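Reading the structure
Take a look at the letters that make up each chain.
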Amino acid sequence: AQACDDGVCPVDCVVTFSAWSACDVTCGSGERQRTASIAMAPVGTGAPCVTTPLVEMCDLVACAEFEVFHGKGTFTPTVLTLGQKHATASSGSNPPHSICMRVVMPSSYPGPRQWLLNLGQHTTGAHHWIWNAGSGTVKTQFGAWNGVQVQNALLPLATRLTLATTFDGSAYKMFVDGVLVHTKTVALSFDNFDVYIGAGIEVPFAGQIIDTTIYNYALADADVCKDVESFAGAGTFSATVLAGPNPSHSICMHVMMPNSYPTARQ
C-alpha cells in the first residue's frame, strides 16, 4: 500500500463473482446463484468484503406431477426424481408423494399375504401395500416396511375399488373409494424409487390391477384420485373425472405410430 499523510491509505475490498450456476431444479421454479471470491482484501479502513452470493429465480419447464402405470409389473417412476413444484421428492427421508390404484378384488382370499405395491428398496424404509389375513379377516399392511402401518382396513372381496395413500412427509393417510379410513404418522426412507405393482415380491396380488397413478406431492383429501383417469388400449370409455358443460381438461396419450398411412382418416 502507498503511504499517506496519516499512515496507510485505505483500500476497499475487491470481490469478483463467478458465472451463474445451473438452476437448482430440473423443472418448475428454482434458484441459481453467482458465488463471490475475494480478489483483493481491504487495507486499513477500506470497505470490508461482502461475499454474499447473488441469487435470482430461474423458471424451467413445468414439472410433471404424476405418472400412470397399467397392470402389474416393475416400473421406475421418473416423476419422483424431478425438480419440485410442491415439495422435495428427491430420494432420501420422507419424500412427499401420493398413490392411487384402481383394482378389482378377487372373489376369495387365496392364502399367503399378497403384495399390491412396493415403492423403493426391498427392506426397511420402503413404502409397501400388503393384503394380509389377520384375526380371521383379510386386512391390510399399508405403510413403512418394518415401520408404522395401517393394519386393519378391510378390503371387500369381488369388488372394484379405488385405493389411495397420501404422504406429506409425516402424515400418512389411506383412502378407500375416496373415503379417508386411517391416518398414521409414518417415517419412510428410500434408496431408490423402483415400484413393484402387483408382482415381484413374494406372492403376487390375485386380483386385477387396472392402473396405478403416482404423484410427487401429497394430494389434498378432497382431490384424492379425482384429477386423473386413465384408459388402456383402444375402445369407448366414460370419463367420470369430467362433468358439466365446457369443462377444462387436458389429454395425454402414449402411442406407437404405424409404419405407413392407410389412406382413410382415423
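Described in the following lines is the structure provided in the data block. The shown structure was predicted, so the numbers you read here are calculated from the model rather than taken from an experiment.

Backbone hydrogen bonds hold the strands of a sheet together, and the pairing may be parallel or antiparallel. Taken together, the six strands give an open sheet; going across it, the order is β7-β19-β9-β14-β15-β16, and neighbouring strands pair in antiparallel fashion. The sheet is open, and its two edges are formed by β7 (66–70) and β16 (179–185), each paired on a single side. Ignoring which end each strand starts from, the neighbouring axes of this sheet average 15° apart. By the bridge criterion, five bridges tie β7 to strand β19 (residues 208–215) in an arrangement that is antiparallel. Considered in β19, the bridge of His70 is made with Asp211.

Let us look at the state of the cysteines. With the rule as written, the count across this model stands at three disulfides. Residue pairing for Cys23: its cysteine sulfur links by disulfide to Cys58, the two sulfurs lying 2.0 Å apart. Residues Cys23 and Cys58 are joined by a disulfide whose S-S torsion is about 85°; by sign, that bridge is right-handed. One end of the pair, Cys23, is in the loop between β3 (14–17) and β4 (29–34); the other, Cys58, is in strand β6 (residues 54–59), with 35 residues separating them in the sequence. The disulfide bridge from Cys100 ends at Cys225, spanning 2.1 Å between sulfur atoms. Looking down the S-S bond of the Cys100 and Cys225 bridge, the torsion is -105°, so its handedness is left-handed. In this pair, Cys100 is assigned in strand β9 (residues 97–104) and Cys225 in the segment after β19, connecting sequence segments 125 residues apart.

In this model, Ala158 sits at a positive phi of 50°, which is unusual for a non-glycine residue. By the element assignment, Ala158 lies in the loop between β13 (149–150) and β14 (160–167). With phi around 55°, Asp177 is a residue other than glycine that occupies positive phi space. For Asp177, a relative accessible area of 45% gives the class partly exposed.

Attention now goes to the nonpolar core. Counting residues in hydrophobic clusters, the biggest one holds 33 residues, and the most contacted among them are Val103, Trp129 and Leu163. Going through the elements one at a time, β9, β10 (114–119), β11 (127–134), β12 (137–144), β14, β15 (171–176), β17 (195–197) and β19 are the ones with two or more residues in this core. What Leu163 contacts, discounting residues up to four positions off in sequence, is Ile99, Cys100, Met101, Val103, Leu116, Trp129, Phe142, Leu155, Phe175, Val176 and Cys225. Counting residues in each nonpolar core, the second largest holds seven residues, with Ala164, Phe175, Tyr215 and Tyr217 among its members.

Rules used throughout
Residues numbered from 1 in each chain as written. Predicted model: local features only at pLDDT ≥ 70, side-chain atom pairs only at ≥ 80, totals over all residues. Heavy atoms only, no water. Pairing = 2+ DSSP bridges. Helix = DSSP H or I, 4+ residues; strand = E, 2+ residues; numbered from the N terminus. Axes fitted to C-alpha atoms, helices over the stretch in contact; angles between N-to-C directions. Disulfide = S-S within 2.5 Å. Buried < 20%, exposed > 50% of the residue type's maximum accessible area, 1.4 Å probe, protein only. Core = buried A, V, L, I, M, F, W, Y, C linked by side-chain atoms within 4.5 Å. Contact = heavy atoms within 4.5 Å.

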